[in-house]
Amino acid sequence: MPKRFFLDPELADADGLVGVGGDLSPTRLLEAYSRGIFPWFDETTPILWWSPDPRAVFEVDRFHVPRRLARTVRSGRFTLTVNAAFAQVIRGCAERPPGQGVWITPAMIEAYTMLHRLGWAHSVAVWQDGVLAGGVYGVALGGLFAGESMFTRVRDGSKVALVHLVGRLRERGFRLFDVQFLNDHTARFGAAEIPRREYLARLRDALKHPAEFA
């Protein structure tokens, strides 16, 4: 792999495009995450690599769970599995209504499924009456968990998966939960934007303190 494939994120503009092309090999992906970079593209573009400024994160010790959702989590309506249905979860995340575009391409599914087989990518799946109701997946590297995507097929399915994921990260000592971009959904749970420079400093610290997801 070329040593200078990615532009130094510290030198990138606010949009954060730091690489074009390459591949989605495990080696390339792990190098990217270790440098605060992630792939985001669709079937009409080459592979695009990003490190935007600002960056959105969850503070796992200050994650906000609304009271109604807390009651749902406690209700027993859903059951939970970890790493037992990765392929189903990532394919669920890839589903989009017509016209919304697809960024979890077949190549991305194949690449992250391989990362899962190698022990780097993980999923939380939520089930209702034996049917997959929602889930979330991401990449764990050192004390970093990089959340990639979530989906729901039943009301609150993805939210319950996220609550369980954050609890697991807290219990196992993860220091940084990256969610890339802030949106209305993550903001409701307390996600916040931080400057890229701060994110990269926290990433370097997280990588020095390994945590075990599985």
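Residues numbered from 1 in each chain as written. Predicted model: local features only at pLDDT ≥ 70, side-chain atom pairs only at ≥ 80, totals over all residues. Heavy atoms only, no water.

(A) Geometry of the packing of aromatic side chains. Taken as a whole and assessed by the stated rule, the structure comprises 13 aromatic pairs. With a centroid separation of 5.7 Å and 75° between ring planes, the pair formed by Phe 145 and Phe 177 is classed as edge-to-face. On the criterion of sequence distance, the pair formed by Phe 145 in strand 8 (residues 144–152) and Phe 177 in strand 9 (residues 176–180) is long-range, its members being 32 residues apart. Residue Phe 145 shares its accessibility class with Phe 177, and that shared class is buried. The ring of Tyr 199 has Arg 55 sitting right over it, with the charged end atom 4.2 Å from the ring centre. (Phe/Tyr/Trp six-rings, centres within 6.5 Å; stacked < 30°, edge-to-face > 60°. Helix = DSSP H or I, 4+ residues; strand = E, 2+ residues; numbered from the N terminus. Buried < 20%, exposed > 50% of the residue type's maximum accessible area, 1.4 Å probe, protein only. Lys NZ or Arg CZ within 6 Å of the ring centre and 35° of its normal.)

(B) Spatial organisation of the pattern of salt bridges. Overall, the coordinates contain ten salt bridges when judged by the stated rule. Of the charged contacts in the structure, one is a salt bridge between Asp 178 and Arg 55, with a shortest N-O distance of 2.9 Å. Placement of the pair is Asp 178 in strand 9 and Arg 55 in strand 4 (residues 55–58), with a sequence separation of 123 residues. Across the pair Arg 153 and Glu 95 runs a salt bridge whose closest N-O atoms are separated by 2.8 Å. Residue Arg 153 is found in the loop between strand 8 and helix 5 (157–171), and its partner Glu 95 is found in the loop between helix 3 (86–94) and helix 4 (106–117); the two are separated by 58 residues along the sequence. Of the residues examined, Arg 153 reaches a relative accessible area of 45% and is grouped as partly exposed. Salt bridges sharing partners connect three or more residues here, namely Arg 68, Asp 156 and Lys 159. (Salt bridge = Lys/Arg side-chain N within 4 Å of Asp/Glu carboxyl O.)

(C) How the structure looks around the nonpolar core. If you look at the biggest cluster of nonpolar residues, it comprises 46 residues, and the most contacted ones within it are Trp 49, Ile 104, Tyr 112 and Tyr 137. Going through the elements one at a time, helix 1 (26–34), strand 3 (48–50), helix 3, helix 4, strand 6 (121–128), strand 7 (131–141), strand 8 and helix 7 (196–207) are the ones with two or more residues in this core. Those residues in contact with Tyr 112 that lie beyond four places of it in its chain are Leu 29, Tyr 33, Pro 39, Phe 86, Ile 90, Ala 121, Tyr 137, Val 139 and Glu 148. The next biggest cluster of nonpolar side chains, apart from the first, holds 26 residues, and it includes Phe 78, Val 124, Ala 133 and Phe 145. (Core = buried A, V, L, I, M, F, W, Y, C linked by side-chain atoms within 4.5 Å. Contact = heavy atoms within 4.5 Å.)

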